[in-house]
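# Observations on the three-dimensional arrangement
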Amino acid sequence: MRVRVCAAALAVALWSQAGAAADQLVLDGQLDLRWVHSNGATSYLEGGPGILRFDPQHDDVRFGGAYLASRLRLGDTVTLHAVANAYGDHDRNPVDLSEFWAEVRPFPSSPWRWSARIGAFHMPVSLENRAAGWSDVYTITPSAINTWMGEEFRTIGAEFEARWLGASRAYVGDLAVVAAAYGWNDPAGALLADRGFALSDRPSTLFGGLGRPPVTFYHEIDRKPGYYAGLDWRHHDSLEVRALRYDNRADPGAATEAGGAWRTRFTSLGARLEPTERWTFIAQYLDGDTIIGPDSAGINQFRMAFHAAFGLASVEWRHERLTARFDDFHTHQLSGFFGPPGDESGHAWTVGWTHEFGNEWRLVAEWIRVSSSFPPRLEYGGASALLESQTEVALRYRLHAGW
Amino acid sequence: MTHLRSGSRSTSAAKSQSATPFAVTRRRFVDRVTVAFATWCCLTAPAGAGDVAVNVIDRRGGVVADVAVTLAPTGRHIDPPPRPSGTAVMDQQNRAFVPRVLVVGVGTSVEFPNNDSVSHQVYSFSPAKKFQLPLYKGTRHAPVVFDRHGLVVLGCNIHDAMAGYILVTEAPYFGTTGRDGALTLPAVPPGEYELTLWSPLIADPPEALVRAIHVDVHEGSSSTVQLTRDLRMRPEPRPRHGDWEY
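Given the structure is predicted, the values throughout are model-derived calculations rather than measurements. (Residues numbered from 1 in each chain as written. Chains lettered and ligands numbered in written order. Predicted model: local features only at pLDDT ≥ 70, side-chain atom pairs only at ≥ 80, totals over all residues.)

## Focus: the overall build of chain B
How we decide: In this description a helix means any DSSP run of H or I spanning at least four residues, a strand means any run of E spanning at least two, and both kinds are numbered starting from the N terminus. Residues with at least 20 other C-beta atoms within 10 Å of their own are called buried, those with 12 or fewer are called exposed, and the rest are partly exposed. The C-beta atoms themselves are positioned from the backbone. Remark: residues whose backbone-derived C-beta atoms lie within 7 Å of one another are considered to be in contact.
From N to C terminus, chain B includes 2 helices and 17 strands. Within the span of chain B, comprising 246 residues, buried residues form 46% of the whole. When contacts within chain B are restricted to residue pairs at least 6 apart in sequence, those whose partners lie at least 24 apart make up 72%.

Shown next as structure tokens:
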């Protein structure tokens, strides 16, 4: 009897504690059903040379994807995050995790506040993917840069941030130094070398594969950790500037049954300006290179440089948002020629429109036109140059729940 | 408008404002303390006391709201007005502290209700008051007593763009300017005083924001302070409901 009373008292105490704290568990999710119409080549996801997610063989009503992002607060300083995704495109895992991590963020005791993330998560590069589940709030399809960020990169390791909080100096803004060490990113660069840049809202998941045949990304091949380090400046709640240097420090001569290690390095710069409540402007730039093959291979070592940029303007009013974006992207093969050079050159225009029906439903329409040339397409028997377009109208249902 | 020890004139001014969240919060707070003061003002206002009117305008002549104003005697001793009952309020709405600037006397209790749609973690690491309010909504936490004078900068550990300020003062008379850039401190005994202004928006050097004034037994005092430097830019808080709160 006494045990029961104690157990009941403990349960009441725990329940009251859980009830007193707010939003300890928050779920945000989205379901996306869309109509697609494409002109162009077979998509890279189907083994073709096209660089859009869908192709004329998939003109129809399609399942665009679903995600469920959860956030569980443990006490006041630790938060657990997990994001599960489904894309309905024959991935070997119909539902898979794309991120899971724990964040430690103590209360600041000085103008410098530190925080840390441990787990698997996106690095702080994209200024488009700011909503739950790393989703893009401006268009359906992210830019070429952030498409690639979602495909081949995940920080599987630990990230540390020290942020100077400007309020202590009557300044609304802050400046952060961020650095991370990670593993399991040695294949990063393979997809870019094989296909070039693409525009697609089909990021990879942690344990699944992308495309046909499925390509997996997160392997540790050389047992050498990589790093990134960067700055994040937020000014007046209207400007955010990010700079990041990434180097996976892979040994390009290392290989296992999972494939070879790609030494990939890049510098990323980006700014997002929101001068008024209505307008948003984003610009990002990426410049780097990737290498595979032992150094002893000399000119047979594959080396490729790449750079990409985009500019985006978005305006919102009432329940509408209209966005236009211009992408420009290039790769340039420097050595290791065994066929046509992997020199991709392309640009794309994207126009997106979003209409919100209340808090749950929204309609998103998008039109992309991308022009690109990539000589390795000649090996498929096609033309090097491609002009593709894709129109999508997505009906999205969002759910939000908190306890 | 949030002054504890000045009277009904600024209260009526607040009530004449449109019912923005800012104004509603200020009104609620002022209403709370007015009940205590109205009786006191009628019964205990010293004979011959005057009103002190303060107007703050920027370099181009525009009014400056939410400026903290303190008034401290520099000459003979005056009996401090009695401390009002009630608790000051620093609310949280739309991912912002409301009001942005609050002035309280030393020893005042301040409530931090969270009337926002999301939870907040309020903290301060200012020397005048270090405290932390673990994640909450509503009025879960007891009021915080501010027992040392000085500036207390408030933040939210989840929403870094949130910043609020509580100026804890030993001065017997204080308040903040309203939307019209004006504040009236009623029933101030005649004598010599030091008037001090503070706002996170004001870029003028602190010494330029202090001035000596004389409160006349009949005329009271009227001061217009024009700033010489541009205000620091400070956009209104913009909650972005699409953002995922990490």
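That covers the picture; the talk isn't over yet.
## Quick look at the overall build of chain A
Applicable threshold: Based on C-alpha atoms, the radius of gyration is set beside the globule rule, defined as 2.2 Å times the residue count to the power 0.38.
Within chain A, the regular secondary structure consists of 3 helices and 18 strands. Relative to the 2.2 N^0.38 estimate, which gives 22 Å for 403 residues, the radius of gyration of chain A is 22 Å and therefore close to what a compact globule would have. Within chain A, the fraction of its 403 residues that count as buried is 44%. In chain A, once contacts between residues fewer than 6 apart in sequence are set aside, the share between residues at least 24 apart is 63%.

## Structural notes on the pairing of strand β8 (residues 226-235) of chain A
All names here are of chain A. Convention followed: Being paired, for any two strands, means DSSP has found at least two bridges between them.
Looking at chain direction, strand β7 (residues 173-183) and β8 are connected through 10 bridges and run antiparallel. For A180, the partnering residue across the bridge sits in β8 and is Y228. Pairing between β8 and strand β9 (residues 239-247): 9 bridges, direction antiparallel. Across the sheet, residue A229 finds its bridge partner in β9, namely R245. The antiparallel pairing of β8 with β9 creates a hairpin that spans 3 residues between the two strands, and H236 there sits at a positive phi of about 55°.

## Description of the sheet that holds strand β14 (residues 182-188) of chain B
Pairing between the strands of a sheet is mediated by backbone hydrogen bonds and can be parallel or antiparallel. Residue and element names in this part refer to chain B. For clarity, the cut-off: Every axis corresponds to a line fitted to the C-alpha atoms, with the helix fit spanning only the stretch in contact, and the corresponding angles, defined between N-to-C directions, vary from 0 to 180 degrees.
In space, the 3 strands of this open sheet follow the order β14-β1-β17, with mixed pairing throughout. The open sheet has two edge strands with one neighbour each: β14 and β17 (221-226). Along the sheet, successive strands turn relative to each other by an average axial angle of 15°, direction set aside. Bridge analysis of strand β1 (residues 50-57) against β17 gives 6 bridges, and the strand direction is parallel. The partner of V52 across the bridge, within β17, is S221.

## As for the environment of A:A180
All names here are of chain A. Examined against the element boundaries, A180 turns out to sit in strand β7. On a C-alpha basis, the gap between A180 and G230 in space is 9.2 Å, while along the polypeptide they are 50 residues apart. Sequence-distant contacts of A180, that is, excluding residues within four places in its chain, are made with M123, T155, G157, A158, E159, Y227 and Y228.

## So, the sheet that holds strand β13 (residues 173-176) of chain B
Residues and elements named next belong to chain B. Here we have 4 strands laid out as an open sheet, ordered β13-β2-β15-β16, and antiparallel in their pairing. Here the strands that pair on one side only, and so sit at the sheet edges, are β13 and β16 (210-215). Pairwise comparison of adjacent strand axes, ignoring direction, gives a mean angle of 25° for this sheet. By the bridge criterion, 6 bridges tie strand β15 (residues 191-198) to β16 in an arrangement that is antiparallel. Bridge pairing in β16 places T196 opposite V210.

## Some words on the nonpolar core
Convention followed: For our purposes the nonpolar core covers buried Ala, Val, Leu, Ile, Met, Phe, Trp, Tyr and Cys residues that link as a set through C-beta atoms within 7 Å.
B:V69, B:L71, B:V110, B:L154, B:I166 and B:L167 are the most contacted members of the largest nonpolar core, which has 60 residues in total. Apart from the residues lying within four places of it in its own chain, the contact partners of B:I166 are B:M90, B:L102, B:V104, B:V110, B:F146, B:V152 and B:L154. With 55 residues, the next largest nonpolar core counts A:I145, A:W148, A:F217 and A:I368 among its residues.

## Re the environment of A:A116
Residues and elements named next belong to chain A. You can see A116 is positioned in strand β5 (residues 112-121). Residue classification places A116 among the partly exposed residues on the basis of 16 C-beta atoms within 10 Å. Separated by 45 residues in sequence, A116 and E161 have C-alpha atoms that sit 6.0 Å apart.

## Some remarks on helix α2 (residues 144-152) of chain A
Residues and elements named next belong to chain A. Across the 9 residues of α2, 9 count as buried, placing the element largely inside the fold. Considered for burial, the residues of α2 that qualify are A144, I145, N146, T147, W148, M149, G150, E151 and E152. At its buried positions, α2 is contacted by α3 (190-195), β13 (279-292), β14 (302-317), β15 (320-335) and β16 (345-357).

## Points about the environment of A:D328
Following the sequence through the fold, A:D328 ends up in strand β15. Sequence separation between A:D328 and A:I140 is 188 residues, and the spatial gap between their C-alpha atoms is 18 Å.

By themselves, these figures tell us nothing about what the structure is for.
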